[in-house]
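# Fold and geometry: a report
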Amino acid sequence: MYFPWRHMGYHCVSPEDAPTKAIFFFEALAVCSAVHRTRLWKKAGRAVKRLAVLSDNTNAVSAFNSLRASTLYNSILMSAVNVLLDDDLQLRVDHIPGKANVIADALSRRDLSLARRLD
């Protein structure tokens, strides 16, 4: 997750025992985390009214734009929607190929030296 206006990026090491098809789960969780992150800025007096998320995962883009996914993802979607409604926050999730999203791609590959150079 990378916030260009703050020059701030986050990454998390996936559990070693995560299923190989769990990437969608982690992508959806990252989008939800970005939505929740706006609350910290609100507490600091910098309310965010619109949030755009660029993801290279088309399933995450589709799930957040349609608010439809398999039952496994309902809690993630509901958590994000609760923040959107409570804080009157607009969310837009767009697809961008991983190679075009250079800093986020570097963070996802844990290439933190590259992410620092490109920032």
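As shown above, the structure is provided for reference.
Residues numbered from 1 in each chain as written. Predicted model: local features only at pLDDT ≥ 70, side-chain atom pairs only at ≥ 80, totals over all residues. Heavy atoms only, no water.

## Side note on the packing of aromatic side chains
Considering all chains together, one arrives at 3 aromatic pairs under this definition. Centre to centre, the rings of Phe25 and Phe26 are 5.7 Å apart; their planes meet at 80 degrees, and the pair counts as edge-to-face. Each member of the aromatic cluster is reached from another via a ring pair, and the members are Phe24, Phe25, Phe26 and Tyr73. (Phe/Tyr/Trp six-rings, centres within 6.5 Å; stacked < 30°, edge-to-face > 60°.)

## Considerations on the nonpolar core
Counting residues in each nonpolar core, the largest one holds 22 residues, and the members touching the most others are Val35 and Phe64. No other element matches the 7 residues that helix H1 (residues 23-43) contributes to this core. Non-local contacts of Phe64, meaning those with residues more than four positions away in its chain, are made with Ala28, Val31, Cys32, Ile76, Leu77, Ala80, Leu91 and Val93. (Core = buried A, V, L, I, M, F, W, Y, C linked by side-chain atoms within 4.5 Å. Buried < 20%, exposed > 50% of the residue type's maximum accessible area, 1.4 Å probe, protein only. Helix = DSSP H or I, 4+ residues; strand = E, 2+ residues; numbered from the N terminus. Contact = heavy atoms within 4.5 Å.)

## A few points about H1
An ideal rise of 1.5 Å per residue puts 30 Å on 21 residues; H1 measures up with 31 Å between its terminal C-alpha atoms. Residues Phe24, Glu27, Ala28, Val31, Cys32, Ala34, Val35, Arg37, Thr38 and Trp41 constitute the buried set of H1. Following H1 by one or two positions, Gly45 adopts a phi angle in the positive range, close to 85 degrees. (Expected span 1.5 Å × (residues − 1).)

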